[in-house]
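# Coordinate analysis (summary)
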Amino acid sequence: MAPKAATGRTSRNPDLIRGVGKFSRSKMYHKRGLWAIKAKNGGVFPKHDPKPAAAETPAKPPKFYPADDVKKPLVNKRKHKPTKLRASITPGTVFILLAGRFMGKRVVFLKQLTSGLLLVTGPFKVNGVPLRRVNQSYVIATSTKVDISGVDLGKFDDQYFEKEAEKKKKKGEGEFFEAEKEEKKVLPDDKKDDQKTVDAQLIKSIEAVLDLKTYLSARFSLKSGMKPHELVF
Amino acid sequence: MPFKRYVEIGRVALVNYGKEYGRLVVIVDVLDQNRALVDAPDMVRGQMNFKRLSLTDIKIDIPRVPKKKTLIDAMEKADVKNKWESSSWGRKLIVQKKRASLNDFDRFKLMLAKIKKGGLVRQELAKLKKENAA
């Protein structure tokens, strides 16, 4: 593609108003030196032959003509950015989970994943919450922070938390009568080890602060007289 | 039951409504039946309805509508800040503010401390009961 404005080429015809140039067509002819180009070429404008077009391969007739006209969806090239985090959420913040199995538990925030979800851990030994993803909306961020500098979080991403692809079960008559074999989902050992390494560092920084461990092992609940809109978290 | 706290020039009052809620001000002039001119070291002097003021026991010695510098010197001389913070009303307000600003972790630590204190008190009580019974 030819460069759009080759090294500072600007229009020689300044705008008086948008759409109206200062100089007329004849003036511009002279300004651009088109007379000199013509003179050089013997009174006519130089002609450039069109570039030879690449030989078109004869298109093969398609194998299949669809019966109905199917509408093609429009192209969408938008890329998602991870959700914007609230200012109160920084790595090492203690969260209060508001929904789900671990409702009311106080957990430590590790990092935000590319999907926008927040990676969080109990630590597991302290309150039974494993490495888990959590949505920002279901979380209260307290102002208590834990030192998280010694923890290596490089290997955790959304892929780590994907469900295992289920093996296809063959349907057979016998299986309807037999009781379905319960395959208990056991957590693979390497995931358990990941949990342990992450927690080892965290527990050291937690035990450095007085009462923080008991704080994390207790659940949060709203008591009589507590007004959430007046509470400072 | 006569009145003990009078509206007078130099009376320190607490603002109990409006933009200046919770501020200690000095009554510097009386404008009419309902309003006073009120001033504080870090505030622009302005008028306020008496209904917005709660009078305190503290009074300082100032001329009517003093200059800011005179007002500040008089407040230092009378030690208004310390008198207020050591009074029971002032102390209560300080405690209220502290309680409102407690973090979730602070509230948890407070709960642990209360339980501990209660336990100690109960221990002592049990000891005394035993001594009494014996």
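Residues numbered from 1 in each chain as written. Chains lettered and ligands numbered in written order. Predicted model: local features only at pLDDT ≥ 70, side-chain atom pairs only at ≥ 80, totals over all residues. Heavy atoms only, no water.

## Re the overall build of chain B
Counting its secondary structure elements, chain B contains four helices and five strands. In sequence order, chain B lays out its α and β elements as β-β-β-β-β-α-α-α-α. Here chain B has a C-alpha radius of gyration of 22 Å; the compact-globule value for 134 residues is 14 Å, and the former is much larger. Considered along the principal axes of its C-alpha atoms, chain B spans approximately 70 × 40 × 30 Å. Buried residues in chain B amount to 31% of all 134 residues. Looking at chain B alone, contacts between residues at least 24 apart form 47% of all its contacts between residues at least 6 apart. When the accessible surface of chain B is split by element, carbon and sulfur atoms take 57% of a total near 9800 Å². (Helix = DSSP H or I, 4+ residues; strand = E, 2+ residues; numbered from the N terminus. Rg over C-alpha atoms; globule rule 2.2 N^0.38 Å. Buried < 20%, exposed > 50% of the residue type's maximum accessible area, 1.4 Å probe, protein only. Contact = heavy atoms within 4.5 Å. Areas by Shrake-Rupley, 256 points an atom, 1.4 Å probe, with all protein chains shown as cover.)

## Comments concerning the overall build of chain A
Within chain A, the secondary structure is distributed over six helices and seven strands. Each helix (α) and strand (β) of chain A, taken in turn from the N terminus, gives the series β-β-α-α-β-β-β-α-β-β-α-α-α. When the 233 residues of chain A are sorted by exposure, 25% land in the buried category. Considering only contacts in chain A between residues 6 or more positions apart, those separated by 24 or more positions represent 60%. Summing over all exposed atoms, chain A offers an accessible surface of approximately 19600 Å²; the carbon and sulfur share of this is 56%.

## Details of a positive patch on the surface
All names here are of chain A. Judged by side-chain charge, Arg9, Arg12, Lys22, Lys31 and Arg32 come together as a positively charged surface patch. Looking at the element boundaries, Lys31 is found in helix H1 (residues 25-31). Residue class for Lys31 comes out partly exposed when judged on its relative accessible area of 39%. (Patch = residues over 30% accessible without salt bridge, like charges linked within 9 Å, V, L, I, M, F, W, Y side chains within 5 Å. Salt bridge = Lys/Arg side-chain N within 4 Å of Asp/Glu carboxyl O. Lys, Arg positive; Asp, Glu negative; His and termini not counted. Charge placed at Lys NZ, Arg CZ, Asp CG, Glu CD.)

## Regarding the nonpolar core
A:Leu110, A:Leu119, A:Leu131 and A:Leu202 are the most contacted members of the largest nonpolar core, which totals 23 residues. Every element with two or more residues in this core is listed here: strand S4 (106-112), helix H5 (189-207) and helix H6 (212-217) of chain A together with helix H4 (104-133) of chain B. Tallying contributions element by element places H5(A) first for this core, with four residues. Each residue touching A:Leu119, except ones within four places of it in the same chain, is listed here: A:Val108, A:Phe109, A:Leu110, A:Lys111, A:Leu113, A:Leu131, A:Arg132, A:Leu153, A:Phe156 and A:Phe161. Judged by nonpolar contacts, the second largest core, of 15 residues, contains B:Leu37, B:Leu71, B:Met75 and B:Ala78. (Core = buried A, V, L, I, M, F, W, Y, C linked by side-chain atoms within 4.5 Å.)

## Some words on H4(B)
Here H4(B) contains 30 residues, and its C-alpha end-to-end distance of 43 Å stays within 8% of the 44 Å for a straight helix at 1.5 Å per residue. Elements in contact with the buried residues of H4(B): strand S3 (93-97), S4, strand S7 (139-145) and H6 of chain A. (Expected span 1.5 Å × (residues − 1).)

## Description of the sheet that holds strand S5 (residues 118-121) of chain A
All names here are of chain A. Read from one edge to the other, the open sheet built from five strands follows the order S6-S5-S4-S3-S7, with strand pairing classed as antiparallel. Either end of the sheet is taken by a strand with one partner, and the two such strands are strand S6 (132-134) and S7. Going from strand to strand, the sheet's axes swing by 45 degrees on average, the running direction of each strand aside. Where S3 lies against S7, four bridges are found, and the strand directions are antiparallel. Pairing of Ile96 across the sheet is with Ile140, part of S7. (Pairing = 2+ DSSP bridges. Axes fitted to C-alpha atoms, helices over the stretch in contact; angles between N-to-C directions.)

## Thoughts on the domain arrangement of chain B
Interfaces are frequently sized by the accessible area removed from exposure as the parts join. For chain B, the assigned domains read domain 1 (1-101) and domain 2 (103-133). Using C-alpha coordinates to define each centre, domain 1 of chain B is positioned 40 Å away from domain 2 of chain B. (Domains from an automatic or database assignment.)

## Some points on the sheet that holds strand S3 (residues 35-39) of chain B
Residue and element names in this part refer to chain B. Across the sheet, five strands lie side by side as S4-S3-S2-S1-S5; this open sheet has antiparallel pairing. This sheet does not close on itself; its edge strands, each paired only once, are strand S4 (46-49) and strand S5 (53-59). When strand polarity is set aside, the average angle formed by the axes of neighbouring strands in this sheet is 50 degrees.

## Topic: the pattern of salt bridges
Across all of its chains, the model carries 18 salt bridges over all chains by this definition. Of the charged contacts in the structure, one is a salt bridge between A:Asp194 and A:Lys155, with a shortest N-O distance of 2.5 Å. Taken together, the residues span a long stretch of sequence, with A:Asp194 in helix H5 and A:Lys155 in the loop between S7 and helix H4 (173-177) at a distance of 39 residues. Assessed through its relative accessible area of 47%, A:Lys155 is described here as partly exposed. B:Asp57 is paired through a salt bridge with B:Arg5; the nearest N and O atoms lie 2.7 Å apart. Highlighted residues: B:Asp57 in strand S5 and B:Arg5 in the segment before strand S1 (11-15), separated in sequence by 52 residues.

## Looking at unusual backbone geometry
Following A:Gly122, the chain continues to A:Pro123 via a peptide bond in cis, the omega torsion being -5 degrees. Summarising the element assignment, A:Pro123 is placed in the loop between S5 and helix H3 (124-127). Non-glycine residue A:Asp211 carries a positive phi angle of around 70 degrees. Mapped onto the secondary structure, A:Asp211 falls in the loop between H5 and H6. For B:Val65, which is not glycine, the phi dihedral falls at a positive 50 degrees. Looking at the secondary structure, you find B:Val65 in the loop between S5 and helix H1 (68-78).

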